[in-house]
Amino acid sequence: MIVAVTGVVLIAFVVGHLLGNLQIFLGPDWVNSYAEHLRALGPLLWAIRAFLLVSVLLHIFYTISLAIENRRARPVQYERKDNVKATFASRYMAMSGLIVLAFILYHLAHFTVRVTDPRFLLLKADPLNRYDVYSMMVYGFQNIFVSAFYIIGMFLLALHLSHGTSSFFQSLGLNDKKLTPRLALAGRIFAWLIFVGYTSIPIAVLFHLVKPAQEL
Ligand code: HEM
C-alpha cells in the first residue's frame, strides 16, 4: 500500500514536471517565468521537495524490503525458471528503479545545483531579470552524450512506470479478469506517452528546432 501511494505521488510529479518542461516549445518567456514562480514559492517549495524526498525514500525502502522478503520465502532457488506471464518490465523493476534514481541524482547536479556544466554560470539573466532556464536547458541538451543519457534514463523510467501503474491497481485489490488487462494496457500507453513527451525536448534541441535565447 505504501509503495502504491508513494508511487502515485511520484507519478503526479512526473506528469506535472513534464507539463512544466514542455513549455520550452512555447518559448523562453514561458519556461523562465514558470521556473521563477516555482522559486517564488519559497518555504512551500522546500516543503514540496521534502515531501517528494520522503516519498522516494519510502518507495525504495519498502520495495527493497518486499524483494528481500520474497527471496527469504524461497531460500532455495528454482532449478528451472520459466517466466510464463512476467513481462520484461516486471522482472526488471529493481534494476530500472535504481537506474532512474541514478539519473535523478545526475539530473539534480545538472539542472538544479548546476555543477556539471561550467557554461551555465556564464548565462546572463533574461530581459525580465530572471535566470534563463530556457537557454540552460538548450545548451545542456546540445551535448549529445548528455541527451543520450537523459533518453536512456527516461526509457528506464517508462519501463518502470509501464509495470508500476498496473501493479498499483493490483495492490489496491483490483483484480478483475476483464478490467485488469485493460488497466495494464492503459498503464503501458501512459508510460510511453511520458517517454515521448520528455524525450521530445532533447531531440528537438539536437535537431536545432529549439535554439538558445542568448549566445555564449
Ligand atoms: C527532458 C527531460 C527533463 C527536463 C528538460 C527537466 C528539466 C528540469 C529543470 C530545468 C529543473 C530545474 C528547475 C529549476 O531549478 O528551476 C529540474 C528539476 C528537477 N527534475 Fe527535471 N527535467 C527532465 C526530466 C526529469 C525526470 C524524468 C525526472 C524524474 C523522474 C525529473 C525530476 C526532477 C526533480 C526531482 C527536480 C528537482 C525539483 C526541485 O528543484 O525541487 N526531471 N528538471
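Shown above is the structure to which this text applies.
The notes below deal with the structure included here. Bear in mind the structure is a predicted one, so any value in this text is a computation, not a measurement.

**With respect to unusual backbone geometry**
With a phi close to 55 degrees, R114 is a non-glycine residue in the positive phi region. Positionally, R114 belongs in the loop between α5 (93-112) and α6 (133-141). C-beta crowding within 10 Å serves as the criterion here: with 17 such atoms nearby, R114 is assigned to the partly exposed category. Phi at H208 takes a positive value of approximately 60 degrees, unusual for a residue other than glycine. With respect to the helices and strands, H208 occurs in the segment after α8 (179-206). Judged by C-beta crowding, with 9 C-beta atoms within 10 Å, H208 ranks as exposed.

**Some details on α6**
Most of α6 sits inside the fold, with eight of its nine residues counted as buried. Within α6 the residues assigned to the buried category are V133, Y134, S135, M136, M137, V138, Y139 and G140. Structurally, α6 contributes buried residues whose contacts are with α2 (28-40), α5, α7 (144-171) and α8.

**Examining the site of the ligand**
As a matter of local geometry, the ligand sits amid 19 residues, with A35, R49, F111, Y198 and I201 nearest to it. Elements with a minimum of two residues in the shell around the ligand: α1 (2-21), α5, α6, α7 and α8. The class makeup of the residues in the shell around the ligand is 14 nonpolar, four polar and one charged.

**Section: the packing of α1 against helix α3 (residues 43-73)**
The contact between α1 and α3 brings their axes to 9 Å, and the two run at 140 degrees. For the element pair α1 / α3, the angle class is oblique. Every pair of crossing elements has a handedness; the one defined by α1 and α3 is left-handed. Residues I2, V3, T6, G7, V9, L10 and F13 of α1 touch α3, and the partners they reach there are L52, S55, V56, L58, H59, Y62 and T63.

**Quick look at the nonpolar core**
Among the nonpolar cores identified, the biggest contains 22 residues, and I24, V133, Y134, M137, V138, L157 and A158 are the most heavily contacted of them. Looking at this core, the elements that each hand over two or more residues are α2, α6, α7 and α8. Looking at which element gives the most residues to this core, the answer is α7, with seven residues. Once residues within four sequence positions are removed from consideration, A158 is found in contact with A191, W192, I194 and F195.

Analysis parameters
- Residues numbered from 1 in each chain as written.
- Predicted model: local features only at pLDDT ≥ 70, side-chain atom pairs only at ≥ 80, totals over all residues.
- Helix = DSSP H or I, 4+ residues; strand = E, 2+ residues; numbered from the N terminus.
- Buried ≥ 20, exposed ≤ 12 C-beta atoms within 10 Å, placed from the backbone.
- Contact = placed C-beta atoms within 7 Å.
- Near = placed C-beta within 6 Å.
- Nonpolar A, V, L, I, M, F, W, Y, C, P; charged D, E, K, R; others polar.
- Axes fitted to C-alpha atoms, helices over the stretch in contact; angles between N-to-C directions.
- Parallel < 35°, antiparallel > 145°, perpendicular 65-115°, else oblique.
- Left-handed = near helix turned anticlockwise from the far one by under 90°.
- Core = buried A, V, L, I, M, F, W, Y, C linked by C-beta atoms within 7 Å.

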